[in-house]
2 protein chains.
Amino acid sequence: MHIQSGFRAPAPQQVKSAGVGQLLNAMQPAAVTLYAPDAEIYAQGDKAGPLYYVEFGTVRICRLTADGRRQISAFHIAGEVFGFEAASEHDSFAESVDGAGIRVLRPSCGEIPAQSLLTLALQSLTRTQHHLLVLGRRTANERMAALLVDLNDRQNGAGLVHLPMQRNDIADYLGVTFETVSRILRALKDQGLIRMKSVSEIELADLDALSAMCD
Amino acid sequence: MHIQSGFRAPAPQQVKSAGVGQLLNAMQPAAVTLYAPDAEIYAQGDKAGPLYYVEFGTVRICRLTADGRRQISAFHIAGEVFGFEAASEHDSFAESVDGAGIRVLRPSCGEIPAQSLLTLALQSLTRTQHHLLVLGRRTANERMAALLVDLNDRQNGAGLVHLPMQRNDIADYLGVTFETVSRILRALKDQGLIRMKSVSEIELADLDALSAMCD
DNA sequence: CGACCTGTTGATTCTGCTCAATCAACGTGG
DNA sequence: CCACGTTGATTGAGCAGAATCAACAGGTCG
């Protein structure tokens, strides 16, 4: 369930990803829709086509195995676009993580600007390939470090990382269990690499060391 | 080192992936270049731009961690196109697995057909996301089953799979060690799911069971 | 207050890695 | 033709990292 809303973005400076600007111009975004935490944005099997622009909040893109194991392939934060798919139906599904504001971009008048869409798809591909390396060849500690460094880069880069998602989501993104996430954070804290201001606020005390852990 | 060659494709029926046809027409492919096994096609840091069409043989797309661990993000076989990248430089590298014949597609006359390129990029993204699920949430047995079923689909689908790559490559694609690959194949054989005609020829004795292992 | 949810921590198990030996296939040179 | 070295695949023994099972603490909300 999602609620139409005239919500305005609380984000002070809206940093759009490269290529997003053109797309927004060409596709005249709809009003912002607010999705409650864990609300479904689109489901596996839904007709693909419209794209989604994150005004604020965080979105997770997921897949399930037949027996219910979940893998989150990406988190999308404010300023990013998601929802493009090769087939006519979505084969992954998207959910709001923490209450996200989304604008639907419909290919209504005129045609889809393939060029800027291509740019976004290639960026997404690059990041997914990088995540493959993380899941295939890194230890749990290194995976966690990779996430923290990545979030730091995508947030203000000031060394204070906000985790909008909970442990379960982090676990399913990193391909480990949530207990392991907890233990890894504890270990990183004990090593002095991070300081935990709160459950969802982490200070990267030694950014160099963390970066070195993930290339 | 690669040798210019007037090689002709030994593949009897050349099955092009969806979207490839248009691209080939628009980009007038160059002559086939033969790459010896393990020969580099492009390196990390190389200027990106040209695309590559696999005439025959197999190509691997790789990334390395700082300490040398390798992850293969994809194998490309005859009829597929690879080499598109978001940035201006490749951040992964491509090598011939078994002696591959490659045509370079240069965006020479006219501009790149963004629409068909987008189709390919999205297909690549979909497959990479699916592979993420395999690496993040599947056991070694399931990963091997996934590869066998995938190769079977992309080859003739007749239940007799040819492995053009060696154990080391399989391991780095599946995110396990080559010893584990060996053991898994042994286990699948003992369970009667596969029969090993040779080191590189595997008969899928129970395709249903193998498919069930990976959704 | 009690039920519930999230996160943390502990004890134990197990999957897959590491280290290592063996074997088969091949090519080379005497 | 055969001894030798090399390379890839298989197999074994022991270990370690992460999963599983389980208990518990803190916070929120009815």
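Scroll up a little and you will see the structure.
Treat the numbers as computed from the prediction; the structure is a model and nothing was measured.

In this section: the interface of chain B and chain A. With 40 residues of chain B in contact, the opposing surface of chain A contributes 40 residues. Across the interface of chain B and chain A, roughly 3500 Å² is buried in total on both sides, 61% from carbon and sulfur atoms. When the area that chain B buries against chain A is broken down by residue, the three leading residues are Arg63, Leu132 and Arg137 of chain B, summing to 21%. Taken together, the links from chain B to chain A amount to four salt bridges.

With that out of the way, let us pick up the protein's contact with DNA strand D. Taken together, the neighbourhood of DNA strand D is formed by 18 residues, with Ala140 and Thr180 of chain A together with Ser182, Arg183 and Arg186 of chain B sitting nearest. Taking all atoms of DNA strand D within 4 Å of the protein, the share assigned to sugar and phosphate is 65%. Interatomic distance of 2.9 Å between a side-chain N/O atom of Arg167 of chain B and a phosphate oxygen of DNA strand D. Among the elements that line the surface near DNA strand D, the one with the most residues is helix H5 (residues 178-190) of chain B, at five residues. Across the surface near DNA strand D, the residue classes break down as five nonpolar, seven polar and six charged.

Glancing now at the relation of the copies chain B and chain A. Mapping chain B onto chain A leaves a residual RMSD of 0.0 Å; the transformation is a rotation of 180° accompanied by 0.0 Å of translation along its axis. Both chain copies can therefore be described as sitting about a two-fold axis. When you check the interface residues of chain B against chain A, 100% turn up at the interface there too, and the contact is symmetric in its surfaces.

Turning next to the pattern of salt bridges. Under the definition given, this model contains 36 salt bridges over all chains. For Asp215 of chain A, the salt bridge is made with Arg138 of chain A, and the minimal N-O distance between the two is 3.5 Å. Here Arg138 of chain A lies in the loop between helix H2 (114-137) and helix H3 (140-154) and Asp215 of chain A lies in the segment after helix H6 (207-213), a separation of 77 residues in the sequence. Taking the relative accessible area as the measure of exposure, Arg138 of chain A reaches 7% and is therefore buried. A salt bridge links Lys197 of chain A to Glu203 of chain A, with the shortest nitrogen-to-oxygen separation between them at 3.2 Å. For Glu203 of chain A, a relative accessible area of 21% corresponds to the partly exposed category. Through salt bridges with shared partners, a single ionic network connects Asp38, Arg60, Arg70, Glu95, Asp169 and Asp172 of chain A together with Arg137 of chain B.

Residue and element names in this part refer to chain A. For helix H4 (residues 167-174), the tally of buried residues reaches seven of eight residues, placing the bulk of the element in the interior. The complete set of buried residues in H4 reads Arg167, Asp169, Ile170, Ala171, Asp172, Tyr173 and Leu174. Where H4 terminates, the next one or two residues include Gly175, which has phi positive at roughly 75°.

A word on the packing of aromatic side chains. All names here are of chain A. Counted according to the given criterion, the structure contains eight aromatic pairs over all chains. Between the aromatic rings of Phe75 and Tyr173, the centroid separation amounts to 4.9 Å while the plane-to-plane angle is 45°, which identifies the pairing as tilted. Of the two residues, Phe75 is situated in strand E6 (residues 70-77) and Tyr173 in helix H4; the sequence distance between them amounts to 98 residues. The structure contains a cluster of three or more aromatic residues connected by ring pairs, namely Tyr42, Tyr52 and Phe82.

Reading guide: rules and limits
- Residues numbered from 1 in each chain as written.
- Chains lettered and ligands numbered in written order.
- Predicted model: local features only at pLDDT ≥ 70, side-chain atom pairs only at ≥ 80, totals over all residues.
- Heavy atoms only, no water.
- Contact = heavy atoms within 4.5 Å.
- Buried area = accessible area lost by both parts, 1.4 Å probe.
- Salt bridge = Lys/Arg side-chain N within 4 Å of Asp/Glu carboxyl O.
- Near = heavy atom within 4 Å.
- Polar contact = N/O pair within 3.5 Å; in protein donor to acceptor, adjacent residues only side chain to side chain.
- Helix = DSSP H or I, 4+ residues; strand = E, 2+ residues; numbered from the N terminus.
- Nonpolar A, V, L, I, M, F, W, Y, C, P; charged D, E, K, R; others polar.
- Least-squares fit on C-alpha atoms with pLDDT ≥ 70 in both.
- Buried < 20%, exposed > 50% of the residue type's maximum accessible area, 1.4 Å probe, protein only.
- Phe/Tyr/Trp six-rings, centres within 6.5 Å; stacked < 30°, edge-to-face > 60°.

Just distances and angles here, no functional claims.
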